[in-house]
Amino acid sequence: QVQLVESGGGLVQAGGSLRLSCAASGRTLSTNAMGWFRQAPGKAREIVAAMSGNGGRMNYADSVKGRFTISRENAKNTEFLQMNSLKPEDTAVYYCAADAESWTMPTTEGDYDYWGQGTQVTVSS
């Protein structure tokens, strides 16, 4: 059974940084697309960043471009989201996700098969 476990969330002041981690177990995901989503109170879940299965392509939401960076460390079966210049509107529960199929670049939330439980990020003004 594949499990994704996020960590690194917390409370930070506007302008600060956080680094989220997503550790996978139960299966090696080194060739699988992975993504980060977030859901703010009263809003729908939205994609923040995604990385293709071969690691060569990254996509970002317009709202985080230039501030967030997605990366992965295959040796640790772990994905990261570096978040800089945080804003109060970045406050949300952040989820990592992975596609069960290798070598893809998912385009919709429904393309992801594995999900973490989420980690809270709160940015104070």
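For the structure, see preceding data.
Residues numbered from 1 in each chain as written. Predicted model: local features only at pLDDT ≥ 70, side-chain atom pairs only at ≥ 80, totals over all residues. Heavy atoms only, no water.

(A) View of the state of the cysteines. Taken as a whole, this structure holds one disulfide when the rule is applied. In this model, Cys 22 is linked to Cys 96 through a disulfide, with the two sulfur atoms separated by 2.0 Å. Its S-S torsion of about 60 degrees marks the bond between Cys 22 and Cys 96 as right-handed, since a negative value means left-handed. Note that Cys 22 is positioned in strand S3 (residues 18-25) and Cys 96 in strand S9 (residues 92-102), a separation of 74 residues in sequence. Classification of Cys 22 by relative accessible area gives buried; the value is 0%. By relative accessible area, Cys 96 is classed as buried at 0%. (Disulfide = S-S within 2.5 Å. Helix = DSSP H or I, 4+ residues; strand = E, 2+ residues; numbered from the N terminus. Buried < 20%, exposed > 50% of the residue type's maximum accessible area, 1.4 Å probe, protein only.)

(B) Broad picture of the packing of aromatic side chains. Under the criterion given, the structure shown has three aromatic pairs. Judged by centre distance (4.8 Å) and plane angle (50 degrees), the rings of Phe 37 and Trp 115 are tilted. Of this pair, Phe 37 sits in strand S4 (residues 32-39) while Trp 115 sits in strand S10 (residues 114-115); the two residues are 78 residues apart in sequence, bridging distant segments of the chain. Overall, the relative accessible area of 2% leaves Phe 37 in the buried class. The interplanar angle of 65 degrees and the centroid separation of 6.2 Å between the aromatic rings of Tyr 112 and Trp 115 together place this pair among those described as edge-to-face. What makes Trp 115 partly exposed here is its relative accessible area of 25%. Pairwise contacts between aromatic rings join Phe 37, Tyr 112 and Trp 115 into one cluster. The lysine or arginine in question, Arg 45, covers the ring of Tyr 95, its NZ or CZ lying 5.2 Å from the ring centre. Here the guanidinium or amino end of Arg 45 rests over the ring plane of Trp 115, the centre of that ring lying 4.0 Å away. (Phe/Tyr/Trp six-rings, centres within 6.5 Å; stacked < 30°, edge-to-face > 60°. Lys NZ or Arg CZ within 6 Å of the ring centre and 35° of its normal.)

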